[in-house]
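Coordinate analysis (summary)
Below, each chain spelled out in residue letters.
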Amino acid sequence: MSRTWSELFGDEPTDTDEGERSGFFGRLRDSLAKSRRALTAEIVATAFDPDDEEAWERLEEALIHGDVGVRATAEIVRRLEARGEVGDLGEALSEEIEELFGAPPTLVLGGQPSVILVVGVNGTGKTTTVGKLAQKLREHGRSVLVGAGDTFRAAAEEQLEIWAERAGADFVGAPAGGDPAAVAFDAVEAGRARERDVVIIDTAGRLHTQSNLMDELAKVRRVIEGRIDGAPHETLLVVDATTGQNALQQARLFDEAAGVTGVALTKLDGSAKGGVAVAIAYELGLPVKLVGVGEGLDDLRPFDPREFARALVAA
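Described below are features of the structure shown in this document. The structure displayed is predicted, hence computed values, not measured ones.

Per the secondary structure count, the protein includes 14 helices and eight strands. What you see for the protein is a C-alpha radius of gyration of 20 Å, in line with the 20 Å of a compact globule of 315 residues. By its C-alpha atoms, the protein is 65 × 45 × 30 Å across when sized along the principal axes. Once local pairs closer than 6 in sequence are excluded, the contacts in the protein between residues at least 24 apart make up 76%. For the protein, the exposed area adds up to about 13,000 Å²; of that, 46% sits on carbon and sulfur atoms. Of the side-chain charges in the protein, 34 are positive and 55 negative, and the distance between the mean point of each set is 4 Å.

Below is the structure:
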C-alpha cells in the first residue's frame with residue numbers, strides 16, 4: 001500500500017488516506033516500465049542460477065546498465081550472495097533494494113515556521129514541485145508561504161505565484177535580477193510575522209559545476225540559518241530521473257554546497273534511469289522523499305521504498 005501524505009508529514013491518519021493509498025502502485029509501475037526493462041532484460045531470460053558465475057556477471061551488468069551505480073550494485077550482489085539460496089530473483093532484488101533505501105522518510109516540520117529550501121538544476125521541475133508541495137501542505141491543515149528565490153528566470157516568479165494562489169498560500173517575490181538571499185530573508189521574516197506554519201523557498205536553477213552560483217546558494221542557506229535556529233529544516237534537491245548518473249553527481253555537489261536532506265525525483269514517467277534513486281540513497285545516504293510521475297497535482301507523491309523497489313525490479 002502506498003505511503004500517504006499524512007505519513008510523510010508525521011500527521012495522524014485521516015479519512016482521505018485510504019484513497020491516497022489505492023491506485024498509485026500501478027501508476028508507479030507504469031512510470032518505471034522503461035527502468036524495469038533496462039534492469040531485467042539481461043536477467044529474466046533464463047532462471048537465475050546462484051552457482052553460475054556468468055549469471056552473477058549478467059546481474060551486475062544489468063544493475064549498472066539500469067543506473068543503480070557501481071557501489072550500490074556491489075552491495076546488492078554481496079547481500080544476495082550472502083543469502084545462499086536466492087529463490088525468486090525479482091523478489092530477492094526488491095527486498096535488498098528496499099533495505100538499501102532505509103526506513104520510509106518523513107519531512108521535518110517542527111519549526112515555527114518550518115523552512116524548506118528547494119534546490120536543483122534548470123529543467124528538473126523544481127518550481128512545479130514547490131507549488132505541488134505547498135498545495136499538499138495546505139490540504140493537510142498547514143498555513144504556507146512561498147518565496148520566489150529564482151530571480152534569474154523571468155517566468156519563474158509568475159509561475160510560482162500562480163501555484164501559491166491555487167494552493168491558498170502567501171507569496172513573497174522580488175524584482176527580476178534581485179538578490180536571492182534578500183528574497184529568502186524577506187520570506188522567512190514574513191513567515192514569522194504572519195505566523196505561518198511552513199515557508200518554502202524556491203531557488204534559481206543552477207548547474208552544479210557553476211561555482212559562483214553554488215556559492216550564492218550557500219549564502220542563501222546562511223541567511224536562513226541566521227534568522228531561525230535549525231533552519232532550513234529541510235533542503236530538498238529536485239533531480240530529473242532521465243539524467244541518470246549525472247543526477248548522482250548533482251546530488252553530491254549540491255549536498256556539499258547546501259546540506260541536502262532529501263531528494264525529489266521527478267520525470268520518472270519518461271525515464272529508463274530510475275535506478276539512480278538507489279545510487280543516491282546508498283552512495284550519498286540521501287533519502288528520496290518525493291517522486292514525480294507526471295504533470296498533475298496528484299502525480300507528486302511521497303516516496304515509498306517498498307513500492308518503488310517492487311515497481312523497479314519485480315516482473
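Core analysis: the biggest nonpolar cluster contains 69 residues, and Leu265 and Phe308 have the highest contact counts within it. Leave out the neighbours within four places in its chain, and leucine 265 touches Val239, Ala241, Gly274, Val276, Ala277, Val288, Leu290, Val291, Gly292 and Phe308. Among the nonpolar cores identified, the runner-up in size contains 26 residues, and Leu109, Val146, Ala164 and Leu290 belong to it.

Turning to helix α3 (residues 24-31), its buried residues number three or more, namely Phe24, Leu28 and Ser31. Down the axis, α3 shows its buried residues gathered within 65° of arc, on one side only.

Here we take up a negative patch on the surface. Together, Glu53, Glu54, Glu57, Glu60, Glu61 and Glu81 make up a region of like negative charge exposed at the surface. Counting residues per element, the negative patch draws most heavily on helix α5 (residues 53-65), at five residues. Tracing the backbone through its elements, the reader meets glutamate 53 in helix α5. A residue is classified by how much of its surface remains accessible, and glutamate 53, at 53% relative accessible area, is exposed.

Before going further, it helps to examine the environment of glutamate 307. Among the structural elements, glutamate 307 can be located in helix α14 (residues 305-313). Through-space distance from the C-alpha of glutamate 307 to that of phenylalanine 48 is 23 Å; in sequence the pair is 259 residues apart.

For strand β2 (residues 144-149), the buried fraction is high: six of the six residues fall into the buried class. Of the two faces of β2, both are covered, the one formed by Val144, Val146 and Ala148 as well as the one formed by Leu145, Gly147 and Gly149. Of the pairings in the sheet, the one linking β2 to strand β4 (residues 198-203) comprises six bridges and is parallel in character. Counterpart to valine 146 in the pairing with β4 is isoleucine 200. Here β2 pairs with strand β3 (residues 170-172) via three bridges, running parallel. Counterpart to valine 146 in the pairing with β3 is phenylalanine 171.

Okay, the sheet that holds strand β1 (residues 114-119) next. In space, the eight strands of this open sheet follow the order β3-β2-β4-β1-β5-β6-β7-β8, with mixed pairing throughout. Looking at which strands have only one partner, the edges of the open sheet turn out to be β3 and β8 (300-302). Direction aside, the axes of adjacent strands within the sheet are offset by 20° on average. Strand direction decides the pairing type here: β1 and β4, joined by five bridges, are parallel. The residue bridging serine 114 from the neighbouring strand is valine 198, located in β4. Lying on the sheet, helix α10 (residues 180-193) is in contact with β1, β2, β3 and β4; it crosses β2 at an angle near 170°.

We now examine the packing of helix α6 (residues 70-83) against helix α7 (residues 89-101). Put simply, α6 and α7 touch, their axes get as near as 10 Å, and they point 125° apart. Comparing their axes, α7 and α6 come out oblique. The chirality of how α6 crosses α7 is right-handed. Contact with α6, carried on its side by Ala72, Glu75, Ile76, Arg79, Leu80 and Arg83, involves Leu89, Ala92, Leu93, Glu95, Glu96, Ile97, Glu99 and Leu100 of α7 and no other residues of that element. Class assignment for the residues of the contact of α6 with α7 results in eight nonpolar, no polar and six charged.

The rules behind the values
- Residues numbered from 1 in each chain as written.
- Predicted model: local features only at pLDDT ≥ 70, side-chain atom pairs only at ≥ 80, totals over all residues.
- Heavy atoms only, no water.
- Helix = DSSP H or I, 4+ residues; strand = E, 2+ residues; numbered from the N terminus.
- Rg over C-alpha atoms; globule rule 2.2 N^0.38 Å.
- Contact = heavy atoms within 4.5 Å.
- Areas by Shrake-Rupley, 256 points an atom, 1.4 Å probe, with all protein chains shown as cover.
- Lys, Arg positive; Asp, Glu negative; His and termini not counted.
- Charge placed at Lys NZ, Arg CZ, Asp CG, Glu CD.
- Core = buried A, V, L, I, M, F, W, Y, C linked by side-chain atoms within 4.5 Å.
- Buried < 20%, exposed > 50% of the residue type's maximum accessible area, 1.4 Å probe, protein only.
- Arc of directions from axis to C-beta.
- Patch = residues over 30% accessible without salt bridge, like charges linked within 9 Å, V, L, I, M, F, W, Y side chains within 5 Å.
- Salt bridge = Lys/Arg side-chain N within 4 Å of Asp/Glu carboxyl O.
- Pairing = 2+ DSSP bridges.
- Axes fitted to C-alpha atoms, helices over the stretch in contact; angles between N-to-C directions.
- Parallel < 35°, antiparallel > 145°, perpendicular 65-115°, else oblique.
- Left-handed = near helix turned anticlockwise from the far one by under 90°.
- Nonpolar A, V, L, I, M, F, W, Y, C, P; charged D, E, K, R; others polar.

So far we have only geometry, and geometry alone does not tell us how the molecule works.
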